[in-house]
Structure formats: C-alpha cells, structure tokens
Amino acid sequence: MTRSSSIATLCEGYTPIPVALLEPEEMPAVDLYLRENDSGRLRLYRSADVRVMPDDLAKLHQANTKWLYAQDLDPKEMQMLVRRKLDELVRDESNSVRDRFFKLNTYVQDVLASAFQSDSPDEILDTASEIALLAVRLLCRDEMNAGDLISLLHHDFQTATHSLNVSYMMVSLAREMQLVPENELQSVAVAGLLHDIGKLSVSDRILTKGDRLLRREQRIAQKHPALGFNRLARRIDISFAQLMVVYQHHERTHGKGYPVGAVGDEIHPWARACSVVNVFDSLISNRPYRKRYPLAEAIVMMDQHLSEGLDREMYQCWRQYILKK
Ligand SMILES: [Fe+2]
C-alpha cells in the first residue's frame, strides 16, 4: 500500500482539520499548523488565541491548502465532524452535483488513505461504507454523467485514489448494466473501495517502484488478491460478491488471469465489472514508470488488445457509457 503521502504519515501526532469543509466558527481554538508544500514540515499558522476569520479560510482555499493540523485535538471528534460535514456537503442542493462530487472526492481520498494507513480492517470497512454511501448518493443523480465523472477523478497512482476511482466507475457500470438493484449499489461501491486491500500486505518498494517489475517482484505483487481474500474471508459484514471482487478482479474470462486462472462465468459478475474499470483506470492514471494516457488513447488500447479476457458485454457497455457525453 502506498503510504508515503497519507496525511497520517506526514503529520504523525497531529489531527488533520479540513479547511474547506469547516465554517470559521467551527475551527478549533488551538494552535493550528500548516504543512509546507516542499519540505512537508509543519509550521505554526495561528496560535490558539488568534481566531481564524472567513477571509483567512478563503486565502487558504485559494492557496489550495486542504488541511490544517493541530496537536491538542481529539482525532476521533474531528473525524466525526469531518464525516458530518461531508454528509452535509453531499446533501447541499444549493451547489451543483459536479461541485459537490469534486469536493467530496478531494476529501475522501485522504480519509480513505488514512483508514488504509491504520491497517485496521474495522476502520477500513467503516470508512469504506461511509464513503460508499456518500458517493452513491451523488453518482445516482442524473446530472452526473460519465464525462463529469472522469474529468473529476484524480490520477495519481496511490492505492487510495485508484480504489476510489474503481469504486465510482464500478457503481456507474453496475448502474448502466442494471447489474444490481439500486439499493445494492452501496455494496458495489464498498467492493470497489476494498478490491486492492491485499496490497496492504505488499511492500511499498514493489508497489511504488519506478521501473517495471522483475518477474519475482511481479509474483509477489500478484499475491494481493489472495492476501486480500485472507484478510476479509472470515468477516460476516462482507458479502460473497464483495469477497469475490477482492479475490477475482485480476481473473480473465479466457483463463489467463490470476490468482487461479478462472474462466468465464466462474468469475463473479461484480469481479468482471471490477476488471473492466480496473484496466481502464490503470490506463488513465499516472504510474510510477509512465504518464497517464489520454481517454481516447486508452480506449484504442483497450479495443486493440487490453480488453481481451474482459467480459465483452460489460466492456462494450462501459465503452458506450464513457463515449456518450
Ligand atoms: Fe488489484
């Protein structure tokens, strides 16, 4: 799992405070710190006795500062406040769906990275189901189309970012295919968020390697579906379909996938849907060893050979969905 840019790692012992989500009066009256962009070091931004005014928040926002940090703050309390504010944000009809989705995606990326960082299955699952609920609410709105969705995604190679992208796209594909009833879309979203959870057990050195992997390293990386399965298999709050997404999202219908080379219908439909958007997201995201491909190029690459072994009907549906603007 890529841990290097998680907020928890960079500012251990400090509680992150989301700048754009809080009203000035909600800013805690404690010493607040700012993270310097280049060095990653924290420096004092406001001491506890100086109030943060609306103008200050606007300036921080303009400077693209997402988080302030504080030491004397209960992280659990701040976490609850963040969740409540995200919930309010998603319901706020005075903003466009596009804007709300953009903001939601900006914050949940760090929230999910922190949960992954905790390495606690309970925390990861709680966080995943909260994020899934919020995301599905916006993704199911008619105003939200494929063009918007793809333009609002982030494209770095962090596992949290990739998991979010896959989750959103799985929900959109499942909806287009009518793969599940609407009330099961949250479970689909959770499956997408968890699909690479096995990477928590693979070393950062392999996951963030700047070159292509050696065969030996590839074999280790390819263990992540089975490692993820082992992590979640005994949990009663994970459905069979979700578990199959974790275990089978690298299987291919022609049997050349991994971990076991399952074929056709042996691969769960949710896992087949995950494979389609997983390949697509890999292409449109930056990797440690290459830049992202533009959308049109990604589609050509998938048409030419990368869609081999993907569920044909699902791939065609996905292709049509993203090309229909
Ligand atoms: Fe994977």
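Residues numbered from 1 in each chain as written. Predicted model: local features only at pLDDT ≥ 70, side-chain atom pairs only at ≥ 80, totals over all residues. Heavy atoms only, no water.

A. Just the pattern of salt bridges, in detail. Tallied over the full model, the rule gives 24 salt bridges. For the salt bridge of Arg 84 with Glu 88, the shortest nitrogen-to-oxygen distance reads 2.9 Å. With Arg 84 and Glu 88 both in helix H3 (residues 75-91) and four residues apart, the pair spans about one turn of that helix. In this structure Arg 84 comes out as partly exposed when scored by relative accessible area, which is 43%. Sharing partners across several salt bridges, the network here consists of Glu 26, Arg 84, Lys 85 and Glu 88. (Salt bridge = Lys/Arg side-chain N within 4 Å of Asp/Glu carboxyl O. Helix = DSSP H or I, 4+ residues; strand = E, 2+ residues; numbered from the N terminus. Buried < 20%, exposed > 50% of the residue type's maximum accessible area, 1.4 Å probe, protein only.)

B. Spotlight on the coordination of the iron ion. Taken together, Asp 196 (OD), His 224 (NE2), His 249 (NE2) and His 250 (NE2) make up the full set of protein donors to the iron ion, lying 2.1 to 2.3 Å away. Counting gaps between the donor residues of the iron ion yields the pattern D-x27-H-x24-H-H. Of this pair, His 224 sits in helix H11 (residues 224-232) while His 249 sits in the loop between helix H12 (240-248) and helix H13 (269-284), and the two are 25 residues apart along the sequence. Note on accessibility: His 224 and His 249 belong to one class, buried. (Donors = N, O, S within 2.8 Å, 3.2 Å for Na, K, Ca; no water.)

C. Helix H5 (residues 121-139), seen in detail. Look at H5: 26 Å from first C-alpha to last across 19 residues, which is about the 27 Å you get at 1.5 Å a residue. Considered for burial, the residues of H5 that qualify are Ile 124, Leu 125, Thr 127, Ala 128, Ile 131, Ala 132, Leu 134, Ala 135, Val 136, Leu 138 and Leu 139. (Expected span 1.5 Å × (residues − 1).)

D. Just the domain arrangement of the protein chain, in detail. Per the domain assignment, the segments of the protein chain are domain 1 (1-74) and domain 2 (95-323). A straight line from the C-alpha centre of domain 1 to that of domain 2 covers 30 Å. (Domains from an automatic or database assignment.)

E. Region of the structure containing the packing of aromatic side chains. One pass over the structure, following the stated rule, counts six aromatic pairs. A centroid spacing of 4.8 Å and a plane angle of 45° characterise the contact between Phe 229 and Tyr 247, whose relative ring orientation is tilted. One end of the pair, Phe 229, is in helix H11; the other, Tyr 247, is in helix H12, with 18 residues separating them in the sequence. Their ring planes at 75° and their centres at 5.6 Å tell us that Phe 280 and Trp 318 sit as a pair that is edge-to-face. On the criterion of sequence distance, the pair formed by Phe 280 in helix H13 and Trp 318 in helix H15 (residues 312-323) is long-range, its members being 38 residues apart. With respect to burial, Phe 280 and Trp 318 carry one shared label: buried. Members of the aromatic cluster, connected to one another through ring pairs, are Phe 280, Trp 318 and Tyr 321. For the cation-ring pair, Arg 46 lies above Tyr 45, with the distance from its terminal atom to the ring centre recorded as 4.7 Å. (Phe/Tyr/Trp six-rings, centres within 6.5 Å; stacked < 30°, edge-to-face > 60°. Lys NZ or Arg CZ within 6 Å of the ring centre and 35° of its normal.)

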